[in-house]
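# Geometric and topological summary
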Amino acid sequence: MLAAVFEAEGRLSMEERPLPVLASADDILIAVEACGICGTDLQILATPPGHPATPGTVLGHELVGRVAEAGPAAGIAIGTRVVIDADPKCGVCGPCRTGRPASCLNVRALGIFRDGALASHVLAPAGAAYPISDAVPAPVAALVEPLACVVNGTRRAAPRAGESVLIYGGGAIGCLFLAVFRATGCSPIVVVEPLAARADVARAMGADAVVAPEEVVDTLPRWLPGGADIVVDAVGSQLASAIEAAAMGARIVLFGMNSNARPPIHQVEITEKSLAILGSYISNFTFPEAIRLLESGRLLVDPMISAVMPLAESRDAFELLRSGGATKVVITP
Ligand SMILES: [Zn+2]
Ligand SMILES: [Zn+2]
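Report follows, based on the coordinates. (Residues numbered from 1 in each chain as written. Chains lettered and ligands numbered in written order. Predicted model: local features only at pLDDT ≥ 70, side-chain atom pairs only at ≥ 80, totals over all residues. Heavy atoms only, no water.)

Ligation of the zinc ion (ligand 1) by protein atoms is provided by Cys38 (SG) and His61 (NE2), these donors lying 2.1 to 2.3 Å from the ion. Here the residue Cys38 occupies a position in the loop between strand E3 (27-37) and helix H1 (39-45), and His61 occupies one in the loop between strand E4 (57-58) and strand E5 (62-70), the gap between them amounting to 23 residues. (Donors = N, O, S within 2.8 Å, 3.2 Å for Na, K, Ca; no water. Helix = DSSP H or I, 4+ residues; strand = E, 2+ residues; numbered from the N terminus.)

Another aspect to go through is the packing of aromatic side chains. Per the stated rule, a full pass over the model turns up three aromatic pairs. When the ring of Tyr130 is compared with that of Phe287, the centres are 5.0 Å apart and the planes differ by 15°; the resulting orientation is stacked. Of this pair, Tyr130 sits in strand E8 (residues 129-131) while Phe287 sits in helix H10 (residues 287-296), and the two are 157 residues apart along the sequence. Residue class for Phe287 comes out buried when judged on its relative accessible area of 2%. Ring centres of Phe177 and Phe181 lie 6.0 Å apart, and the angle between their planes is 25°; this geometry places the pair in the stacked category. Here the residue Phe177 and the residue Phe181 both occupy positions in helix H5 (residues 172-184), the gap between them amounting to four residues, near one helical turn. The pair formed by Phe177 and Phe181 is uniform in burial state, with each residue classed as buried. By way of ring pairs, the aromatic residues Phe177, Phe181 and Phe255 are connected into one cluster. (Phe/Tyr/Trp six-rings, centres within 6.5 Å; stacked < 30°, edge-to-face > 60°. Buried < 20%, exposed > 50% of the residue type's maximum accessible area, 1.4 Å probe, protein only.)

A few words on the environment of Ile132. Within the secondary structure, Ile132 sits in the loop between E8 and helix H3 (138-141). Residue classification places Ile132 among the buried positions, given a relative accessible area of 5%. Through-space distance from the C-alpha of Ile132 to that of Arg292 is 8.6 Å; in sequence the pair is 160 residues apart. In this structure Ile132 touches Val64, Arg81, Val82, Val83, Ala141, Val144, Ile291 and Glu295, once residues within four positions along its chain are discounted. (Contact = heavy atoms within 4.5 Å.)

Two side chains carrying opposite charge are able to pair once their charged atoms lie near each other. Within the structure shown, the criterion is met by 13 salt bridges. Each of the salt bridges in this network shares a partner with another, and the network as a whole consists of Glu15, Arg17 and Asp115. (Salt bridge = Lys/Arg side-chain N within 4 Å of Asp/Glu carboxyl O.)

Time to look at the nonpolar core. The biggest cluster of nonpolar side chains holds 53 residues, and the ones touching the most others in it are Ile167, Phe181 and Met304. Those elements that place two or more of their residues in this core are H3, helix H4 (144-157), strand E9 (165-168), H5, strand E10 (189-192), helix H6 (196-204), strand E12 (228-233) and H10. For this core, the element with the highest residue contribution is H5, accounting for eight residues. Setting aside chain neighbours within four positions, we find Phe181 in contact with Thr154, Pro159, Val165, Ile167, Cys186, Ile189, Ile230 and Val232. (Core = buried A, V, L, I, M, F, W, Y, C linked by side-chain atoms within 4.5 Å.)

Turning our attention to the sheet that holds strand E13 (residues 246-254). Through backbone hydrogen bonds, the strands of a sheet pair up, either in parallel or in antiparallel fashion. Ordered by their spatial adjacency, six strands build an open sheet running E11-E10-E9-E12-E13-E14, and the pairing between neighbours is parallel. In this open sheet, the two strands that pair with only one neighbour each are strand E11 (209-211) and strand E14 (276-279). Across the sheet, the axes of successive neighbouring strands diverge by a mean angle of 20°, strand direction being ignored. Here E9 pairs with E10 via four bridges, running parallel. (Pairing = 2+ DSSP bridges. Axes fitted to C-alpha atoms, helices over the stretch in contact; angles between N-to-C directions.)

Shown next, in the form of structure tokens:
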């Protein structure tokens, strides 16, 4: 099969690989229908890399597909359409057993440390698979994984209808936060995004306003006079601005990851405004909710799917995302 492989620092190669073979009794082999490209994939391929990964690994961790083969202990029928939690949990380590599976000590993430889904087939443990309705179009179903992570983040913020929201970053993650907050009844929702193409998409997704970073100081007070009740940093370096833009008693969700960011913090504002600063990392039992949201059709996500491209054009797909000309690109094998 053809596969898009993280070959070495900064290098993506298209390679012929043998079909994966079931390795343990609870493994399933999935025939991939679609797989999204994520900001993490771009980070893996950056020089120097912004995210660790094992060289030689097939990339791709946002997938939907059908069970093509199943081990004797998998307990799932051949042909079942599934999405996959790309961070399969072990279920037995300390964090897993204290209800913090996102911190599992034994995660080997698909498409990062073990082969992923930018290929026709991928292997996964059956425990990481969640059935999804045939009615959800494949490029939309490929959004379940990032949406499950975003649902975890919105849960942390505990939004209520009528609360105002400010989101730093109008890429795919920012757009998914926007969609969930909208579905919750939050208003107004303002997005900070420097790239024009992404700003247009955020508007189409229902943002009440999209402002460029340099306009924030002048424009924000008009939309959010007392500050925002909820602030999301989908960039990974915006905590200082987020504190400034937060209303009294606001919740700040830190979702984006940039290991080089060391923002200077005006700490007294956290105290005076009684802010809650909430880290949110990957998903946390949130796949069922993300699946229901997309199956219900209540979440407007179509505008954020910029392109659906064949696997052979993966390089072009990465380029398109790197250029900032796309929000989400989905690959079909
Ligand atoms: Zn991802
Ligand atoms: Zn574990």
